[in-house]
Amino acid sequence: MAAETGIPKIIQLLTDYGISIVIVGVFLYFIIRLLNIGIDYIARKVKETSHDEALNIRDQVGIEINDILSKLLEDCDSDRVQVIEFSNSVMSVAFLPFRYMTCTYEVYKFGKAGLGHRIDHISTSLFAKFFQSMEHSEVCAYSIDHKEPAMGGAMYDIMKEDGSHRALCCKLISDTGKFIGYLSMMKDDPFTSEESDAIQDVACKVSSLLGVLDK
């Protein structure tokens, strides 16, 4: 009799607690979902805020860089000054990483046309000879009338399109020693040692401004 009384009781308890467990499980599921949604929302807002702040800083940096480049253009009586930055490396289909380069700032003499938009997301591998010639020197002078130092076809085409016969290029090195791009100044006349010093000074300032968020 006791056994018969106990079995229905046990079944009743399992039924009651089973429903409770399901209810508690559903409740916990929705609580966790709401927490995850809240966390994702906060993370997204923080990311958007950080991105907006970075864009504001970039705008301020851009104003300073353009002023610096304009002064270099005027002081050296050059035709064009460009800042070429490297983007993060990406993986090719052969699983070999490579980088892109883009002209992010450009100033040019009155009467010239803007060419910065032509240097947009171009693979740096096209400029292998150009970068090889810059490997052992922070500043290099190039001329479309001379073969040395070798600049390669891609750089030659850029200079031909610009219409200037000479280019003075200086590496942009971050405060951590990373090669982040280069500064290019173009004109027809030969470059002087003073102009070489001037472009190096500007390259240091530009590099520091570009790396402001790394500090």
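One can find the structure itself at the top, above this paragraph.
Before going into details, it helps to say that this report is about the structure given with it. (Residues numbered from 1 in each chain as written. Predicted model: local features only at pLDDT ≥ 70, side-chain atom pairs only at ≥ 80, totals over all residues. Heavy atoms only, no water.)

Before going further, it helps to spend a moment on the pattern of salt bridges. Using the criterion set out here, one finds eight salt bridges in the structure. In this structure, E161 engages R118 in a salt bridge whose closest nitrogen and oxygen atoms are separated by 1.9 Å. Taken together, the residues span a long stretch of sequence, with E161 in helix α3 (residues 152-162) and R118 in the loop between β4 (100-108) and β5 (122-123) at a distance of 43 residues. Residue D201 pairs with K205 through a salt bridge whose shortest N-O separation is 3.4 Å. You can see D201 and its partner K205 sitting in helix α4 (residues 193-210), four residues apart, about one turn around the helix. Take D201: its relative accessible area is 41%, and that puts it in the partly exposed class. Connected through shared salt-bridge partners, D77, D79 and K109 make up one network. (Salt bridge = Lys/Arg side-chain N within 4 Å of Asp/Glu carboxyl O. Helix = DSSP H or I, 4+ residues; strand = E, 2+ residues; numbered from the N terminus. Buried < 20%, exposed > 50% of the residue type's maximum accessible area, 1.4 Å probe, protein only.)

Spatial ordering of the open sheet is given by β5-β4-β1-β8-β7-β6, a layout of six strands whose pairing is antiparallel. This sheet does not close on itself; its edge strands, each paired only once, are β5 and β6 (139-143). Bridging between strand β1 (residues 80-86) and β4 involves seven bridges; their strand directions are antiparallel. By the bridge assignment, Q82 is partnered in β4 with E106. Set on the sheet, α3 makes contact with β1, β6, β7 (166-173) and β8 (179-187); between it and β8 the angle comes to about 40°. (Pairing = 2+ DSSP bridges. Contact = heavy atoms within 4.5 Å. Axes fitted to C-alpha atoms, helices over the stretch in contact; angles between N-to-C directions.)

We now examine a nonpolar patch on the surface. Side chains of F27, L28, I31, I32, L34, L35, I37 and I39 sit close together on the surface and give an oily, nonpolar patch of about 800 Å² of accessible area. Mapping L35 onto the fold places it in helix α1 (residues 2-75). Since its relative accessible area comes to 53%, L35 is described here as exposed. (Patch = residues over 30% accessible without salt bridge, like charges linked within 9 Å, V, L, I, M, F, W, Y side chains within 5 Å. Areas by Shrake-Rupley, 256 points an atom, 1.4 Å probe, with all protein chains shown as cover.)

This part covers the nonpolar core. What tends to happen in soluble globular proteins is that the nonpolar side chains get buried as a cluster. Ranked by size, the top nonpolar core spans 24 residues in total, and within it I65, L69, V83 and L183 carry the most contacts. Elements with a contribution of two residues or more to this core: α1, β1, β4, β7, β8 and α4. Per-element tally for this core: the top contributor is α4, with six residues. Excluding residues within four positions of it along the chain, L183 makes contact with L69, L72, V81, Q82, V83, L168, C169, C170, L172, I199, V202 and A203. Formed by 21 residues, the second largest nonpolar core is a distinct cluster that contains I119, M155, C169 and Y182. (Core = buried A, V, L, I, M, F, W, Y, C linked by side-chain atoms within 4.5 Å.)

What follows is about the side chain of S123. Within the secondary structure, S123 is located in strand β5. Separated by 2.6 Å, the side chains of S123 and S125 make a polar contact. Excluding its chain neighbours within four sequence positions, the residues that come into contact with S123 are F98, R99 and Y100. (Polar contact = N/O pair within 3.5 Å; in protein donor to acceptor, adjacent residues only side chain to side chain.)

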